[in-house]
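# Report on the structure
Next come the chains, spelled out residue by residue.
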Amino acid sequence: MALVDLAQTTEPHVERTGWLNVKEVGSVFGMKVLLFLCTAAGRGPARLLLRVVAFYYALVSITARRASRAYWTNLGYDPTFARIYQHIFRFAECSLDRLFFLKRDFRPFVVNTNGREHLHALAQQKQGAILLGAHLGSFEAMRAAGDDLETPINVVGYFGNARAVNRLLDAHSDGRGRTHLLELKPDSIDFIFRAKTLLERGELLAILGDRVMSNHWAEVVFLGQKARLPTGPFILAASLKCPVYLTFGLYHPPNRYELYCEPFATRVELPRGAKAEALQRYVQSFADRLEHHCRQAPDNWFNFFDFWSESHAN
């Protein structure tokens, strides 16, 4: 995915960065081929090409197969090769659809929204908030569907391992969206102040909260197994005294997207003397909702690295 998470907010030390070492899947040349095919022939022929690409990747990538196998097993499914291929192909489909959403071309899709009234209420009140999502389905669909909001959305993340593809995609965007990138720089001390300024203006911060980038994490139960998820988004929300909403864009083939926005916390409270316990509760609540949505679209979770192995590392 081109969009990655905020895993810490204040300290620059990075200890656990396994997923950060996963480079962009596919080359810029390959993306250019897809862009040409989409423009010349449409979504259907491009999806046919993706089937070949996904099958090849499922054959040659041991890391992706192992990660997908662990995920399907924890979901309670038999992790057959066909299911692993389906998982990788679903990721490829959502990546392809990103091209259409960037161009604001909704013609190939059926898009249903659930909880959109929460975003409209925030816009009317000029209330800043954190939109917390995950590498589940398509966040690009959420961004594009929010174009009619008057509130800018600032996507917070580390974009270092997807920089070339991001540049290519941005060059083909129609530029109409009110979305901005706010890169997390671990060695920058002014990030928290920049975030505070944006929230005070009533803008939104969009963060993906299912990848750990530092030693700021809490251990929770996710899909029946112990896992580590970042505490950074909740520390940020507590520091800036802003509400948190969960957002997910689930893809259902061949062309339907179900978009969800739901209240998570009006205020994140981290009392002195019990901060760790409070953070663990917030992260577990997030993990529970993430698991719920994973089960609604089981092949939509796109973390193709050793997620549970990293969680068990010392």
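Reading guide: rules and limits
- Residues numbered from 1 in each chain as written.
- Predicted model: local features only at pLDDT ≥ 70, side-chain atom pairs only at ≥ 80, totals over all residues.
- Heavy atoms only, no water.
- Helix = DSSP H or I, 4+ residues; strand = E, 2+ residues; numbered from the N terminus.
- Buried < 20%, exposed > 50% of the residue type's maximum accessible area, 1.4 Å probe, protein only.
- Contact = heavy atoms within 4.5 Å.
- Areas by Shrake-Rupley, 256 points an atom, 1.4 Å probe, with all protein chains shown as cover.
- pLDDT = per-residue confidence, 0-100.
- Salt bridge = Lys/Arg side-chain N within 4 Å of Asp/Glu carboxyl O.
- Patch = residues over 30% accessible without salt bridge, like charges linked within 9 Å, V, L, I, M, F, W, Y side chains within 5 Å.
- Pairing = 2+ DSSP bridges.
- Core = buried A, V, L, I, M, F, W, Y, C linked by side-chain atoms within 4.5 Å.
- Polar contact = N/O pair within 3.5 Å; in protein donor to acceptor, adjacent residues only side chain to side chain.
- Expected span 1.5 Å × (residues − 1).

### With respect to the overall build of the protein
Scanning the protein for helices and strands turns up 11 helices and nine strands. With 314 residues in all, the protein has 54% of them scored as buried. Partitioning the intrachain contacts of the protein with sequence separation of at least 6 by distance along the chain shows that 79% fall at a separation of at least 24. Element-wise, carbon and sulfur atoms account for 53% of the exposed surface of the protein, whose accessible area totals about 14100 Å².

### Considerations on the confidence of the model for the protein
Taken residue by residue, the protein gives an average pLDDT of 83. The fraction at 70 or more is 79%. Ranking the helices and strands of the protein by mean pLDDT puts helix 10 (residues 275-296) first, with 98, and helix 7 (residues 163-171) last, with 58. Across residues 1-22 the pLDDT falls below 50, and counting only partners more than four positions away or on other chains, this stretch makes 91 contacts in the model.

### Side note on the pattern of salt bridges
Under the defined criterion, the tally for this structure stands at 12 salt bridges. Ionic pairing is found between Arg98 and Glu140, a salt bridge with its closest N-O pair at 2.8 Å. Taken as a pair, Arg98 in helix 4 (residues 81-102) and Glu140 in helix 6 (residues 139-145) lie far apart in primary sequence, 42 residues in all. Given a relative accessible area of 13%, Arg98 falls into the buried group. The exposure class of Glu140 is buried, given its relative accessible area of 8%.

### Considering a nonpolar patch on the surface
On the surface, Phe55, Tyr56, Leu59, Val60 and Phe81 cluster together to form a nonpolar patch covering roughly 490 Å² of accessible area. It is helix 2 (residues 43-60) that contributes the most residues to the nonpolar patch, four residues altogether. Within the secondary structure layout, Leu59 lies in helix 2. Assessed through its relative accessible area of 47%, Leu59 is described here as partly exposed.

### Some thoughts on unusual backbone geometry
For the bond running from Pro253 to Pro254, omega is 5°, close enough to zero to count as cis. Relative to the assigned elements, Pro254 resides in the loop between strand 8 (244-252) and strand 9 (256-265). In this structure, Lys126 is a non-glycine residue whose phi angle is positive, near 55°. The class of Lys126 is exposed, set by a relative accessible area of 64%. Positive phi values are uncommon outside glycine, yet Leu223 reaches one of about 55°. Note on placement: Leu223 falls in the loop between strand 6 (217-222) and strand 7 (225-230).

### Observations regarding the pairing of strand 9
Sheet topology places strand 1 (residues 110-114) next to strand 9; five bridges connect them, and they run parallel. Paired with Asn114 across the bridge in strand 9 is Tyr260. Sheet topology places strand 8 next to strand 9; nine bridges connect them, and they run antiparallel. Pairing of Thr247 across the sheet is with Cys261, part of strand 9. Count of turn residues in the strand 8/strand 9 antiparallel hairpin: three residues.

### Things to note about the nonpolar core
With 90 residues, the main nonpolar core has Leu205, Phe222, Phe286, Leu290 and Trp301 as its most contacted residues. Tallying contributions element by element places helix 4 first for this core, with 11 residues. Leave out the neighbours within four places in its chain, and Phe222 touches Ala227, Ala287, Leu290, Glu291, Cys294, Trp301, Phe307 and Trp308.

### Let's talk about the side chain of Asp105
Within the secondary structure layout, Asp105 lies in the loop between helix 4 and strand 1. Here Arg107 takes part through its side chain, which lies 2.9 Å from a polar atom of the side chain of Asp105.

### Thoughts on helix 4
Taking 1.5 Å per residue, 22 residues should reach 32 Å; helix 4 reaches 32 Å between its end C-alpha atoms and fits that length. Of all 22 residues that make up helix 4, 17 are buried, and the element is covered over most of its length. Positive phi appears at Arg104, one or two residues downstream of helix 4, with a value of about 60°.

### So, the side chain of Arg43
Here Arg43 is to be found in helix 2. Among the residues examined, Arg43 registers a relative accessible area of 11% and is labelled buried. There is a polar contact of 2.8 Å between the side chain of Arg43 and the backbone oxygen of Pro254. Here Arg43 is in contact with Leu96, Asp97, Phe100, Pro108, Phe109, Tyr251, Pro254 and Asn255, once residues within four sequence places are set aside.

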